[in-house]
Amino acid sequence: MRVTVNRKAHFNAAHRLHRKDWDDEKNRRVFGKCSNPHYHGHNYELVVAVTGEINQETGFVMDLKNLKELIYEKIEVPFDHKNLNIEVPEFKDLNPTAENIAIVIWRKLRLELEPHLDLEVTLYETPRNYVTYKGE
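Residues numbered from 1 in each chain as written. Predicted model: local features only at pLDDT ≥ 70, side-chain atom pairs only at ≥ 80, totals over all residues. Heavy atoms only, no water.

A. Summary view of the nonpolar core. Ranked by size, the top nonpolar core spans 32 residues in total, and within it Val50, Phe79 and Ile105 carry the most contacts. For this core, the elements supplying multiple residues, two or more each, are β1 (2-15), β2 (40-53), α2 (64-79), α4 (98-110), β4 (118-124) and β5 (130-133). Looking at this core element by element, the count peaks at seven residues for α4. Setting aside residues up to four positions removed in sequence, Ile105 forms contacts with Phe11, Leu46, Ile75, Phe79, Val121 and Leu123. (Core = buried A, V, L, I, M, F, W, Y, C linked by side-chain atoms within 4.5 Å. Buried < 20%, exposed > 50% of the residue type's maximum accessible area, 1.4 Å probe, protein only. Helix = DSSP H or I, 4+ residues; strand = E, 2+ residues; numbered from the N terminus. Contact = heavy atoms within 4.5 Å.)

This is the structure:
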């Protein structure tokens, strides 16, 4: 039987949506107020879903304590209260849209999980705007 376990987390971060190769007018036209040169912030909500077979010895798909620690170490510590554009290396040359943030989070976590486990990341930028990434 395949079962999905979920862990919620959150982090607060600032970002600016823009392309360095576009002028300010085009960035404003495409990204609107999200292209504010002084940045803006979000209270991101993250749901990490791990799917796999139940281990017959433990009864777990994955120990949620381990998932909690993994999310904290790999996502919350490097992203929380940071300016994503400036302080998070993955966004040095990558526009930190919700879509790109979700993919970066997925990639960071995927490296840490057993290969037989499936991973899905849902990132809420606002209570009504969110993205889901299931992998490559």
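B. Just the pairing of β2, in detail. For β2, the tally of buried residues reaches 10 of 14 residues, placing the bulk of the element in the interior. Bridge analysis of β1 against β2 gives 14 bridges, and the strand direction is antiparallel. Opposite His15, over in β2, you have His40 as the bridge partner. Summarising the sheet, β2 and β4 pair through seven bridges and their orientation is antiparallel. (Pairing = 2+ DSSP bridges.)

C. Structural context of α4. If you check α4, its first and last C-alpha atoms are 18 Å apart, about what 13 residues at 1.5 Å a residue would give, namely 18 Å. Taken as a whole, α4 has its buried residues at Ala98, Ile101, Ala102, Val104, Ile105, Trp106, Lys108, Leu109 and Arg110. Elements that come into contact with the buried residues of α4 comprise β1, β2, α2, α3 (84-87), β4 and β5. (Expected span 1.5 Å × (residues − 1).)

D. Main features of the pairing of β5. Residues of β5 alternate between two faces, with Val131 and Tyr133 buried on one and Tyr130 and Thr132 left unburied on the opposite face. As defined by bridge partners, β4 adjoins β5 across four bridges and the pair is classed as antiparallel. Bridged to Tyr124 within β5 is Tyr130. Hairpin connection of β4 to β5: five residues between the antiparallel strands.

E. Inspection of the sheet that holds β2 at higher detail. Taken in spatial order, the five strands make up an open sheet running β3-β1-β2-β4-β5, and their pairing is mixed. Lying at the two open borders of the sheet, with one neighbouring strand each, are β3 (82-83) and β5. The strands touched by α2 are β1, β2 and β3; relative to β1, the strand with the most contacts, the crossing angle is about 20°. Helix-sheet contacts for α4 involve β1, β2, β4 and β5, and the interaxial angle to β4 is about 145°. (Axes fitted to C-alpha atoms, helices over the stretch in contact; angles between N-to-C directions.)

F. Expanded view of the environment of Glu114. Locating Glu114 in the fold gives a position in the loop between α4 and β4. Given a relative accessible area of 49%, Glu114 falls into the partly exposed group. Along the chain, Glu114 and Gly52 lie 62 residues apart, while their C-alpha atoms are 9.8 Å from each other.

G. Region of interest: α2. For α2, which comprises 16 residues, the first-to-last C-alpha distance of 21 Å matches the rise-based estimate of 22 Å (1.5 Å per residue) to within 8%. Tyr72 marks the point of greatest bend in α2, at about 40°. If you check which residues of α2 are buried, you get Leu67, Leu70, Ile71, Ile75, Glu76 and Phe79. Summarising the contacts, the buried residues of α2 are in contact with β1, β2, β3, α3 and α4. Measuring from the side-chain oxygen of the N-cap residue of α2 to the backbone nitrogen of Lys65 gives 2.9 Å; that N-cap residue is Asp63. Following α2 by one or two positions, His81 has its phi on the positive side, about 55°. (Bend = angle between axes of the 7 residues up to and from the residue. Polar contact = N/O pair within 3.5 Å; in protein donor to acceptor, adjacent residues only side chain to side chain.)

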